[in-house]
Amino acid sequence: MIKSILISTFILLCATIIESSILSNISFLLVVPDLVLICSLYFSLLNGKIIGETTGFISGLFLDLITGIPFGFNCLYRTIIGYVAGIFSNIIIISGVLIPMLSVGAATLVKAVLIKLISIFFPNTNIFVTGIISYEFLFEFVENVILAPFIFKFLSLFRSGVALKSTQERIDNV
(Lines give C-alpha, C1' and ligand atoms only; values in the text may rest on other atoms or scores of the structure.)
Protein backbone atom coordinates (compact mmCIF):
# COMPACT_ATOMS: atom_id res chain seq x y z
CA MET A 1 0.00 0.00 0.00
CA ILE A 2 2.86 2.39 0.79
CA LYS A 3 4.45 1.66 -2.59
CA SER A 4 1.18 2.40 -4.35
CA ILE A 5 0.74 5.72 -2.52
CA LEU A 6 4.34 6.78 -3.19
CA ILE A 7 4.13 6.05 -6.91
CA SER A 8 0.71 7.73 -7.10
CA THR A 9 2.10 10.76 -5.25
CA PHE A 10 4.99 11.06 -7.69
CA ILE A 11 2.63 10.85 -10.67
CA LEU A 12 0.33 13.46 -9.09
CA LEU A 13 3.30 15.76 -8.47
CA CYS A 14 4.33 15.46 -12.13
CA ALA A 15 0.75 16.12 -13.27
CA THR A 16 0.56 19.17 -10.99
CA ILE A 17 3.78 20.57 -12.42
CA ILE A 18 2.65 19.94 -16.01
CA GLU A 19 -0.75 21.50 -15.34
CA SER A 20 0.50 24.57 -13.50
CA SER A 21 3.73 25.26 -15.38
CA ILE A 22 3.22 24.13 -18.95
CA LEU A 23 -0.49 23.99 -19.74
CA SER A 24 -1.30 27.24 -17.95
CA ASN A 25 1.08 29.07 -20.30
CA ILE A 26 -0.48 27.82 -23.54
CA SER A 27 -2.34 30.83 -24.87
CA PHE A 28 -4.95 29.11 -27.05
CA LEU A 29 -6.37 27.11 -24.12
CA LEU A 30 -9.19 29.09 -22.56
CA VAL A 31 -9.14 26.85 -19.49
CA VAL A 32 -6.47 24.43 -18.34
CA PRO A 33 -7.60 20.80 -18.31
CA ASP A 34 -7.53 19.26 -14.84
CA LEU A 35 -4.91 16.54 -15.29
CA VAL A 36 -4.57 16.15 -11.54
CA LEU A 37 -8.27 15.38 -11.17
CA ILE A 38 -8.11 12.79 -13.94
CA CYS A 39 -5.07 11.10 -12.38
CA SER A 40 -6.51 11.00 -8.87
CA LEU A 41 -9.80 9.71 -10.29
CA TYR A 42 -7.90 6.89 -12.01
CA PHE A 43 -6.20 5.93 -8.73
CA SER A 44 -9.53 6.08 -6.90
CA LEU A 45 -11.34 3.88 -9.39
CA LEU A 46 -8.44 1.45 -9.46
CA ASN A 47 -7.87 1.03 -5.72
CA GLY A 48 -10.91 2.11 -3.73
CA LYS A 49 -11.95 4.62 -1.09
CA ILE A 50 -8.81 4.79 1.08
CA ILE A 51 -6.41 5.34 -1.80
CA GLY A 52 -9.01 7.60 -3.44
CA GLU A 53 -9.28 9.96 -0.52
CA THR A 54 -5.53 9.83 0.09
CA THR A 55 -4.62 10.71 -3.50
CA GLY A 56 -7.40 13.30 -3.58
CA PHE A 57 -5.99 14.96 -0.47
CA ILE A 58 -2.40 14.78 -1.76
CA SER A 59 -3.38 16.26 -5.13
CA GLY A 60 -5.27 19.05 -3.37
CA LEU A 61 -2.28 19.67 -1.15
CA PHE A 62 0.01 20.04 -4.16
CA LEU A 63 -2.41 22.47 -5.81
CA ASP A 64 -2.85 24.44 -2.59
CA LEU A 65 0.90 24.83 -2.27
CA ILE A 66 1.36 25.96 -5.88
CA THR A 67 -1.66 28.23 -6.29
CA GLY A 68 -2.64 31.19 -4.16
CA ILE A 69 -5.93 29.64 -3.08
CA PRO A 70 -6.53 29.41 0.69
CA PHE A 71 -4.89 26.36 2.18
CA GLY A 72 -7.24 23.38 2.33
CA PHE A 73 -9.66 24.51 -0.39
CA ASN A 74 -8.46 22.06 -3.05
CA CYS A 75 -7.78 19.38 -0.43
CA LEU A 76 -11.39 19.37 0.72
CA TYR A 77 -13.22 18.90 -2.55
CA ARG A 78 -10.60 16.58 -4.07
CA THR A 79 -10.73 14.34 -1.00
CA ILE A 80 -14.51 14.13 -1.33
CA ILE A 81 -14.28 13.32 -5.05
CA GLY A 82 -11.59 10.69 -4.43
CA TYR A 83 -13.63 9.01 -1.71
CA VAL A 84 -16.85 8.96 -3.74
CA ALA A 85 -15.04 7.63 -6.82
CA GLY A 86 -13.41 4.96 -4.68
CA ILE A 87 -16.83 3.69 -3.68
CA PHE A 88 -17.34 2.62 -7.29
CA SER A 89 -13.98 0.85 -7.63
CA ASN A 90 -15.55 -2.61 -7.31
CA ILE A 91 -18.26 -1.80 -9.84
CA ILE A 92 -16.47 0.09 -12.61
CA ILE A 93 -13.77 -1.41 -14.80
CA ILE A 94 -11.72 1.48 -16.11
CA SER A 95 -10.47 0.03 -19.38
CA GLY A 96 -11.89 1.24 -22.66
CA VAL A 97 -12.91 4.68 -23.81
CA LEU A 98 -16.47 5.31 -22.66
CA ILE A 99 -16.12 4.59 -18.92
CA PRO A 100 -13.15 6.97 -18.43
CA MET A 101 -14.99 9.68 -20.33
CA LEU A 102 -18.19 9.24 -18.31
CA SER A 103 -16.41 9.05 -14.95
CA VAL A 104 -14.23 12.10 -15.62
CA GLY A 105 -17.25 14.03 -16.92
CA ALA A 106 -19.18 13.21 -13.74
CA ALA A 107 -16.16 14.12 -11.58
CA THR A 108 -15.76 17.45 -13.36
CA LEU A 109 -19.42 18.23 -12.77
CA VAL A 110 -19.16 17.27 -9.08
CA LYS A 111 -16.00 19.38 -8.82
CA ALA A 112 -17.84 22.45 -10.12
CA VAL A 113 -20.71 21.94 -7.67
CA LEU A 114 -18.37 21.37 -4.71
CA ILE A 115 -16.26 24.42 -5.57
CA LYS A 116 -19.42 26.53 -5.67
CA LEU A 117 -20.54 25.19 -2.27
CA ILE A 118 -17.15 25.41 -0.57
CA SER A 119 -16.48 28.93 -1.87
CA ILE A 120 -19.39 30.10 0.29
CA PHE A 121 -17.13 29.53 3.31
CA PHE A 122 -14.35 31.66 1.77
CA PRO A 123 -16.19 34.94 1.08
CA ASN A 124 -13.30 37.42 1.31
CA THR A 125 -10.79 35.65 -0.92
CA ASN A 126 -9.95 35.83 -4.58
CA ILE A 127 -11.24 32.40 -5.55
CA PHE A 128 -12.37 32.41 -9.17
CA VAL A 129 -15.59 30.39 -9.23
CA THR A 130 -17.17 29.73 -12.59
CA GLY A 131 -20.78 28.84 -12.90
CA ILE A 132 -21.80 25.46 -14.21
CA ILE A 133 -23.45 27.26 -17.10
CA SER A 134 -20.43 29.13 -18.46
CA TYR A 135 -17.91 28.88 -21.28
CA GLU A 136 -15.09 28.22 -18.83
CA PHE A 137 -16.84 25.20 -17.37
CA LEU A 138 -17.85 23.95 -20.81
CA PHE A 139 -14.28 24.10 -22.12
CA GLU A 140 -12.86 22.44 -19.00
CA PHE A 141 -15.53 19.72 -19.19
CA VAL A 142 -14.81 19.01 -22.87
CA GLU A 143 -11.03 19.06 -22.38
CA ASN A 144 -11.21 16.70 -19.41
CA VAL A 145 -13.57 14.28 -21.14
CA ILE A 146 -11.47 14.17 -24.31
CA LEU A 147 -8.21 13.67 -22.41
CA ALA A 148 -9.60 11.04 -20.01
CA PRO A 149 -9.13 7.89 -22.15
CA PHE A 150 -5.61 8.94 -23.13
CA ILE A 151 -4.54 9.66 -19.56
CA PHE A 152 -6.19 6.49 -18.24
CA LYS A 153 -4.36 4.49 -20.95
CA PHE A 154 -1.06 6.19 -20.09
CA LEU A 155 -1.54 5.54 -16.36
CA SER A 156 -2.34 1.89 -17.08
CA LEU A 157 1.36 1.55 -17.95
CA PHE A 158 2.07 2.06 -14.24
CA ARG A 159 -0.76 -0.22 -13.11
CA SER A 160 1.50 -2.84 -11.56
CA GLY A 161 3.06 -0.18 -9.35
CA VAL A 162 -0.10 1.61 -8.26
CA ALA A 163 -2.70 -1.16 -8.14
CA LEU A 164 -3.38 -2.79 -4.78
CA LYS A 165 -5.21 -5.78 -6.24
CA SER A 166 -5.91 -7.18 -9.66
CA THR A 167 -9.04 -6.63 -11.69
CA GLN A 168 -10.06 -10.27 -11.32
CA GLU A 169 -9.90 -10.01 -7.51
CA ARG A 170 -12.11 -6.91 -7.65
CA ILE A 171 -14.67 -8.71 -9.82
CA ASP A 172 -14.66 -11.71 -7.47
CA ASN A 173 -15.35 -9.42 -4.49
CA VAL A 174 -18.51 -8.03 -6.10
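Residues numbered from 1 in each chain as written. Predicted model: local features only at pLDDT ≥ 70, side-chain atom pairs only at ≥ 80, totals over all residues. Heavy atoms only, no water.

## Description of the overall build of the protein chain
Item 1. Helices and strands together make up the secondary structure of the protein chain, namely eight helices and zero strands.
Item 2. From first element to last, N terminus to C terminus, the protein chain shows the α and β order α-α-α-α-α-α-α-α.
Item 3. The C-alpha radius of gyration computed for the protein chain amounts to 15 Å, which stays within 12% of the reference 16 Å derived for 174 residues, consistent with globular compactness.
Item 4. Structurally, the protein chain occupies a C-alpha span of about 50 × 30 × 25 Å along its principal axes. (Helix = DSSP H or I, 4+ residues; strand = E, 2+ residues; numbered from the N terminus. Rg over C-alpha atoms; globule rule 2.2 N^0.38 Å.)

## Some thoughts on the side chain of E19
Item 1. Along the chain, E19 turns up in helix α1 (residues 2-22).
Item 2. Buried within the structure, E19 lacks any salt-bridge partner; R78 is the closest side chain of opposite charge, at an N-O distance of 5.0 Å.
Item 3. In contact with E19, not counting residues within four places along its chain, are S24, V32, P33, D34, L35, V36 and L63. (Buried < 20%, exposed > 50% of the residue type's maximum accessible area, 1.4 Å probe, protein only. Lys, Arg positive; Asp, Glu negative; His and termini not counted. Salt bridge = Lys/Arg side-chain N within 4 Å of Asp/Glu carboxyl O. Contact = heavy atoms within 4.5 Å.)

## Some remarks on the nonpolar core
Item 1. Ranked by internal contacts, the top residues of the largest apolar core, which has 34 residues, are C39, F43 and F152.
Item 2. Every element with two or more residues in this core is listed here: α1, α2 (35-47), α3 (49-66), α4 (73-87), α5 (98-118) and α6 (135-155).
Item 3. By residue number, the principal contributor to this core is α2, which donates ten residues. (Core = buried A, V, L, I, M, F, W, Y, C linked by side-chain atoms within 4.5 Å.)

## As for the confidence of the model for the protein chain
Item 1. Mean pLDDT over the protein chain stands at 86; residues scoring 70 or higher make up 91%.
Item 2. Within the protein chain, helix α8 (residues 167-173) has the poorest average pLDDT of any element, 46, and α2 the best, 94. (pLDDT = per-residue confidence, 0-100.)

## A word on the pattern of salt bridges
Item 1. Throughout the structure, instances matching the rule amount to three salt bridges.
Item 2. Between D34 and R78 there is a salt bridge, with its nearest N and O atoms 2.8 Å apart. Note that D34 is positioned in the loop between α1 and α2 and R78 in helix α4, a separation of 44 residues in sequence.
Item 3. Given a relative accessible area of 3%, R78 falls into the buried group.

## Comments concerning the packing of α1 against α2
Item 1. With their axes 8 Å apart at the nearest point, α1 and α2 run at an angle of 160 degrees to one another. By the angle class used here, α1 and α2 are roughly antiparallel. Of the two elements, α1 crosses α2, and the hand of that crossing is right-handed. Contacts between α1 and α2 involve S4, S8, I11, L12, A15, T16, I18 and E19 on the former and, on the latter, L35, V36, C39, S40, F43 and N47.
Item 2. For the contact of α1 with α2, the per-class residue count stands at eight nonpolar, five polar and one charged. (Axes fitted to C-alpha atoms, helices over the stretch in contact; angles between N-to-C directions. Parallel < 35°, antiparallel > 145°, perpendicular 65-115°, else oblique. Left-handed = near helix turned anticlockwise from the far one by under 90°. Nonpolar A, V, L, I, M, F, W, Y, C, P; charged D, E, K, R; others polar.)

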